[in-house]
Amino acid sequence: MKQYVYDFYGENELEEVIDRFRQERREKAGLFITLYHESNDLEKVKESIQTLRKAFPQSAIAGMSASGGIKDGRMVLGKSVLAFLSFEDTEVSVHCYDISSMTPGEAGERALESFCGIRNLAGVEVFTTLSTVDVDDFLTELDHLPPETAIFGGGADAYTGGDDTCVFGNDFISRKAIVAVCFAGKVKIRVSQNLGWQPLGQVMTITAIDGDKVIRELDGRPAFQVYEKYLKMKKSDFGGQQLISFPLILMRKGRMLARLPAACRDDGSLIMSASCFEGEKVRLAYGDPNEIIARCQENTKQLRTFAPEGILIFSCITRRLFLKEDANQVLAPYGALAPVCGGYSHGEISRSGGRTSALNMTLVAAAFREKEENGMRQEEKSSEGIVFHTETMTTIQRMASFIARSTEELEQANRRLEEVNRKLVYVATHDGLTGLLNRGRVESILHELTDDRQKNHHVFTAIMVDLDNFKGINDEFGHGEGDRVLQEVAGVFSKKSPPNAYIGRWGGDEFVILLPGMEEEEAAALAETLRKTIEETVSCPDRSPVSASLGVTQAREGETFESFYHKMDSALYQAKFRGKNTIFLM
């Protein structure tokens, strides 16, 4: 394959580009045309499409409006960027979905059905209007494609901002649509992504949302307060460029995703650039141009071994606004590998680890090749010409490193403290020999259950257990064997009791099992099962069986802690009085 990249402004220049391409092109192969248009005026975009369709009627065309173009290793402002991808043995098909007449999920189902019928599908490029289309359901359907199928793309944007963006495929154009381009055959596609913003500060939890793009609360407080507390920002600052340096970073299925607040509501809710879900963990992040540039250099080193013949790039508009004149420092390493065509987008799309996500503040690069051999033949270009801000940015980096390290040390200390507290709580509430709850904890739970019985009339029962002739086991075989018997009996209770049971050692050889929601007949059957299991599986060193007496009672209306405890004790006494190794239901 070979990729030809041009820029133009207006139809006269487009005609000149077409003439130049016809002169430069030598191969007779299939052609795919992709266009990142500088205008969001539908009539102007249509005019460009018609000019291209007239010149190349058999070629597939797809693209979007963009807030800047990318040509080889540089950004192009105020002009459209156009690429002709000439393939030798690759079929390209364009599929358009009008989201004003179907949901993204329905579009995804149709797309999946169509794409599964394409032989040797190598990749899918997605153009969409992310400002008007919630693309998540569409992408979820595409994730049913084989994991080796590359998926990448981005959201249309415009220099004027807002929702008046457009995507197009062949003769179709819309402000609310998804256009998918399928590449099948000999082509190989490798997708990489670069973020570069670094998480900073403590981890927070999204505790309340309004839909999937509005965060109402972080850690139980209005989400805006995070920016107010740590960055001294006002609600009026949202929507401006100040926030570009400080998005939120979340981890989703092991993937770091940036989310930029686009606006702040009066109630302190933050309107986000892409999906966020309740329960997800987030952190504030900061932008470092040096880190962003370095990450792109690292990505291109990895792409070099792929030996690309063409690269398509979707780069978030926030990167251009943040980096300003340094944006070319990010793009230059890609331009050193192969011809590059792309545009600045409103959100990006990339598949990683089998899951396709709508991204933000990211650069997504899709590298193409048809040739079989790997490895670049030319020598790797040096980083000469890549300018790092060695003075001012060093101070920022060191301060950020100090804050990040200090935060990490505090979090480690907190985790150690939480672990110590967890162990202390365990020791304070559990019996050291059997691992069951201790008497103090069982009494506390029993108080809660009797109070709940009085207030809400919820049923519960209890089984009180005493091992028969346990003193004789200690006297004849020693306390070590007595401890073993207690542990084995505790194991029987843990294995046979229901998951919601509270099992505790009451003292010595006595145990209590509290059973919320269980009626007395079921509890009596459980008690009989426990009695038989102990007799059949627990024995003394001389192989004589261990037996137990069990009293069963159910809490009644008006029951208090004292009255119920007296009933438990009386039920156990009756079981012992009736000959031991039995159960008694009171």
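The preceding data block contains the structure.
A.B. asks: Explanation requested: the nonpolar core in the structure shown.
C.D. replies: Most often, soluble globular proteins have nonpolar side chains that are buried together. In this structure, Phe 127, Phe 152, Phe 183, Ile 189 and Phe 368 are the most contacted members of the largest nonpolar core, which totals 84 residues. Judged by nonpolar contacts, the second largest core, of 29 residues, contains Leu 467, Val 492, Ala 523 and Ala 527.

A.B. asks: For this particular structure, what's the right way to read the packing of aromatic side chains?
C.D. replies: Within a pair of aromatic rings, the relevant descriptors are the distance that separates the centres and the angle that separates the planes. For the coordinates displayed, the defined rule picks out 22 aromatic pairs. The interplanar angle of 75° and the centroid separation of 5.1 Å between the aromatic rings of Tyr 4 and Phe 21 together place this pair among those described as edge-to-face. In this pair, Tyr 4 is assigned in strand S1 (residues 2-8) and Phe 21 in helix H1 (residues 10-24), connecting sequence segments 17 residues apart. Here Tyr 227 and Phe 238 contribute two aromatic rings whose centre-to-centre distance is 5.5 Å and whose plane-to-plane angle is 80°, an arrangement assigned as edge-to-face. One end of the pair, Tyr 227, is in helix H5 (residues 224-231); the other, Phe 238, is in the loop between H5 and strand S17 (248-252), and 11 residues separate them in sequence. Among the residues examined, Tyr 227 registers a relative accessible area of 0% and is labelled buried. The ring centre of Tyr 344 lies 5.7 Å from the NZ or CZ of Arg 320, which sits over that ring. Over the aromatic face of Phe 306 sits the side chain of Arg 369, whose NZ or CZ is 4.6 Å from the ring centroid.

A.B. asks: Before we go on, may I ask you to explain the pairing of strand S28 (residues 502-507) in this structure?
C.D. replies: The sheet contact formed by S28 and strand S29 (residues 510-516) spans 5 bridges and is antiparallel. Bridged to Gly 507 within S29 is Glu 510.

A.B. asks: Would you explain the packing of helix H12 (residues 479-496) against helix H13 (residues 520-537) in this entry?
C.D. replies: Each pair of packed helices can be described by the angle between their axes along with the distance between the axes. It is at 10 Å that the axes of H12 and H13 come closest, and there the two elements cross at 140°. Considering the angle they form, H12 stands oblique to H13. Considering how the two elements wind past one another, H12 and H13 form a crossing that is right-handed. Across from Glu 488, Val 489, Val 492, Phe 493 and Lys 496 in H12, the residues of H13 making contact are Leu 526, Thr 529, Leu 530, Thr 533, Ile 534 and Thr 537. Across the contact of H12 with H13, the residue classes break down as 6 nonpolar, 3 polar and 2 charged.

A.B. asks: When you look at the sheet that holds strand S30 (residues 548-554) in this model, what are you seeing that I'm missing?
C.D. replies: The strands making up a sheet associate through backbone hydrogen bonding, with each pair oriented either parallel or antiparallel. Across the sheet, 5 strands lie side by side as S28-S29-S27-S30-S31; this open sheet has mixed pairing. The open sheet has two free edges, formed respectively by S28 and strand S31 (583-585), since each of these has just one partner strand. The average undirected angle you get between the axes of adjacent strands in this sheet is 20°. Where strand S27 (residues 460-467) meets S30, 7 bridges bridge the pair, whose relative direction is antiparallel. Its bridge partner lying in S30, Leu 467 is registered against Ala 548.

A.B. asks: Please clarify how the state of the cysteines should be interpreted in this entry.
C.D. replies: Put plainly, a disulfide is one covalent bond tying together the sulfur atoms of two cysteines. In this structure the tally under the stated criterion is 0 disulfides. With no disulfide of its own, Cys 96 lies 11 Å from the sulfur of Cys 182, the closest cysteine sulfur. Judged by its relative accessible area of 29%, Cys 96 falls in the partly exposed class.

A.B. asks: Honestly, the pattern of salt bridges in this entry has me stumped. Any pointers?
C.D. replies: Pairing of side chains with opposite charge becomes possible as their charged atoms draw close. Taken as a whole and judged by the stated rule, the model has 21 salt bridges. Linking Lys 79 and Asp 7 is a salt bridge whose minimum nitrogen-to-oxygen distance equals 3.5 Å. With Lys 79 in the loop between strand S5 (74-76) and strand S6 (80-87) and Asp 7 in strand S1, the pair connects residues that are 72 residues apart, well separated along the chain. Residue classification places Lys 79 among the partly exposed residues on the basis of a relative accessible area of 30%. A salt bridge links Arg 53 to Asp 171; the nearest nitrogen and oxygen atoms lie 3.2 Å apart. Here Arg 53, found in helix H2 (residues 42-55), pairs with Asp 171, found in the loop between strand S10 (167-169) and strand S11 (172-174); they are 118 residues apart in sequence, far enough to count as distant.

A.B. asks: I keep staring at the side chain of Gln 3 and nothing clicks. Help me out?
C.D. replies: Along the polypeptide, Gln 3 turns up in strand S1. With relative accessibility at 3%, the residue Gln 3 sits in the buried group. Ignoring anything within four residues of it in the chain, the contact list for Gln 3 reads Ala 83, Phe 84, Leu 85, Glu 309, Gly 310, Ile 311, Leu 312, Pro 339, Val 340 and Cys 341.

A.B. asks: Explanation requested: the sheet that holds strand S8 (residues 121-128) in the structure shown.
C.D. replies: With mixed pairing, the 6 strands of this open sheet are ordered in space as S7-S12-S8-S9-S24-S25. One side of each edge strand has no neighbouring strand; the edge strands of this open sheet are strand S7 (90-98) and strand S25 (355-359). Taking each pair of neighbouring strands and ignoring which way they run, the sheet shows an average axis angle of 20°. Packed onto the sheet, helix H3 (residues 104-115) meets S7, S8 and strand S12 (177-185) and runs at close to 160° relative to S7.

A.B. asks: In this structure, what is going on with the side chain of Thr 34? I would like to understand it.
C.D. replies: The residue Thr 34 is located in strand S2 (residues 30-37) in this model. We classify Thr 34 as buried; its relative accessible area is 0%. A polar atom in the side chain of Thr 34 sits 3.3 Å from the backbone oxygen of Ala 62. When near neighbours in sequence (up to four residues on either side) are disregarded, Thr 34 contacts Ala 62, Val 81, Leu 82, Ala 83, Leu 85, Phe 127, Leu 312 and Cys 341.

A.B. asks: What am I meant to see in the packing of helix H10 (residues 439-456) against helix H14 (residues 561-577) here?
C.D. replies: Where H10 meets H14, the closest approach of the two axes is 9 Å, and the angle between their N-to-C directions is 120°. By the criterion of interaxial angle, the relationship of H10 to H14 is oblique. Crossing handedness for the pair H10 and H14: right-handed. Counting all contacts with H10, which are made through Arg 439, Glu 443, Leu 446, His 447 and Thr 450, the residues of H14 involved are Phe 561, Phe 564, Tyr 565 and Met 568. Of the residues belonging to the contact of H10 with H14, the class tally is 5 nonpolar, 2 polar and 2 charged.

Procedures and definitions
Residues numbered from 1 in each chain as written. Predicted model: local features only at pLDDT ≥ 70, side-chain atom pairs only at ≥ 80, totals over all residues. Heavy atoms only, no water. Core = buried A, V, L, I, M, F, W, Y, C linked by side-chain atoms within 4.5 Å. Buried < 20%, exposed > 50% of the residue type's maximum accessible area, 1.4 Å probe, protein only. Phe/Tyr/Trp six-rings, centres within 6.5 Å; stacked < 30°, edge-to-face > 60°. Helix = DSSP H or I, 4+ residues; strand = E, 2+ residues; numbered from the N terminus. Lys NZ or Arg CZ within 6 Å of the ring centre and 35° of its normal. Pairing = 2+ DSSP bridges. Axes fitted to C-alpha atoms, helices over the stretch in contact; angles between N-to-C directions. Parallel < 35°, antiparallel > 145°, perpendicular 65-115°, else oblique. Left-handed = near helix turned anticlockwise from the far one by under 90°. Contact = heavy atoms within 4.5 Å. Nonpolar A, V, L, I, M, F, W, Y, C, P; charged D, E, K, R; others polar. Disulfide = S-S within 2.5 Å. Salt bridge = Lys/Arg side-chain N within 4 Å of Asp/Glu carboxyl O. Polar contact = N/O pair within 3.5 Å; in protein donor to acceptor, adjacent residues only side chain to side chain.

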